[in-house]
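Listed below are the residues making up each chain.
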Amino acid sequence: MAVKIRLARFGAKKRPFYRIVVADSRAPRDGRFIEKIGQYDPMLPKDNKNRVVVKAARLKHWLSVGAQATERVLWFIKKGIVTLENRTKENRKEESRERESTRARGISLLKC
């Protein structure tokens, strides 16, 4: 079974709205899918953060197990609209600790 990460079209006529889904490649475009991992609303302005919303952890998982992304989904990743970095709470805490330690070192160097 070939698995693809692709867009499924929803919304009204002339008002498209897409779901980013993981589906069997043989399934119809708007038909059966395995998992919904995000959404894309092209009607929103390009700078709106809700234009493309994706569960990065699930996207990364499906790519790691061999799912093939379509051209449009790959375009989102290449443009940086979708990031594959999974920033958990632990990662954010470590980053903030590193920043605080570098600030503390900078302050101690200034006092010398």
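Residues numbered from 1 in each chain as written. Predicted model: local features only at pLDDT ≥ 70, side-chain atom pairs only at ≥ 80, totals over all residues. Heavy atoms only, no water.

K.L.:
I keep staring at the overall build of the protein and nothing clicks. Help me out?
P.N.:
The number of helices and strands found in the protein is three helices and five strands. The secondary structure elements of the protein, listed N-terminal to C-terminal, are β-β-β-β-α-β-α-α. The buried share of the protein, taken over its 112 residues, is 25%. In the protein, 34% of the contacts between residues at least 6 apart in sequence involve partners at least 24 apart. Summed over all atoms, the accessible surface of the protein reaches about 8,400 Å², with 52% contributed by carbon and sulfur. (Helix = DSSP H or I, 4+ residues; strand = E, 2+ residues; numbered from the N terminus. Buried < 20%, exposed > 50% of the residue type's maximum accessible area, 1.4 Å probe, protein only. Contact = heavy atoms within 4.5 Å. Areas by Shrake-Rupley, 256 points an atom, 1.4 Å probe, with all protein chains shown as cover.)

K.L.:
Is there a simple way to explain the environment of Leu-63 in this structure?
P.N.:
As for its position among the elements, Leu-63 is in helix H1 (residues 56-64). Using a relative accessible area of 28% as the deciding quantity, one classes Leu-63 as partly exposed.

K.L.:
What exactly am I supposed to notice about the nonpolar core here?
P.N.:
In summary, soluble globular proteins display a tendency toward joint burial of nonpolar side chains. Grouped together as the largest cluster of nonpolar side chains are 16 residues, with contacts concentrated most on Ile-5, Ile-20, Ile-37, Trp-62, Val-73 and Phe-76. Broken down by secondary-structure element, the contributors of at least two residues to this core are strand E1 (3-12), strand E2 (15-24), strand E3 (35-40), H1 and helix H2 (71-78). (Core = buried A, V, L, I, M, F, W, Y, C linked by side-chain atoms within 4.5 Å.)

K.L.:
Would you explain H1 in this entry?
P.N.:
In an α-helix, one full turn covers 3.6 residues, which means residues spaced three or four apart are oriented alike. Within the sequence span of H1, burial applies to Ala-56, Leu-59 and Trp-62. Around the axis of H1, the buried residues are gathered within 130° of arc, so they sit on the same side. Looking at the packing, one finds that the buried side of H1 touches E1, E2, E3, strand E4 (52-54) and H2. One or two residues past the end of H1 sits Gly-66, with phi positive at roughly 105°. (Arc of directions from axis to C-beta.)

K.L.:
It is not clear to me how H2 should be interpreted in this structure. Could you clarify?
P.N.:
Listed in full, the buried residues belonging to H2 are Val-73, Phe-76 and Ile-77. Projected down its long axis, H2 shows its buried positions confined to an angular sector of 100°, all on one face. Among the exposed residues of H2, those oriented more than 90 degrees off its buried face are Glu-71 and Lys-78. Looking at the packing, one finds that the buried side of H2 touches E1, E2, E3, E4, H1 and strand E5 (68-69). Positive backbone phi, approximately 85°, marks Gly-80, located one or two places after H2.

Fair warning: the whole summary comes from geometry, so function is off the table for now.
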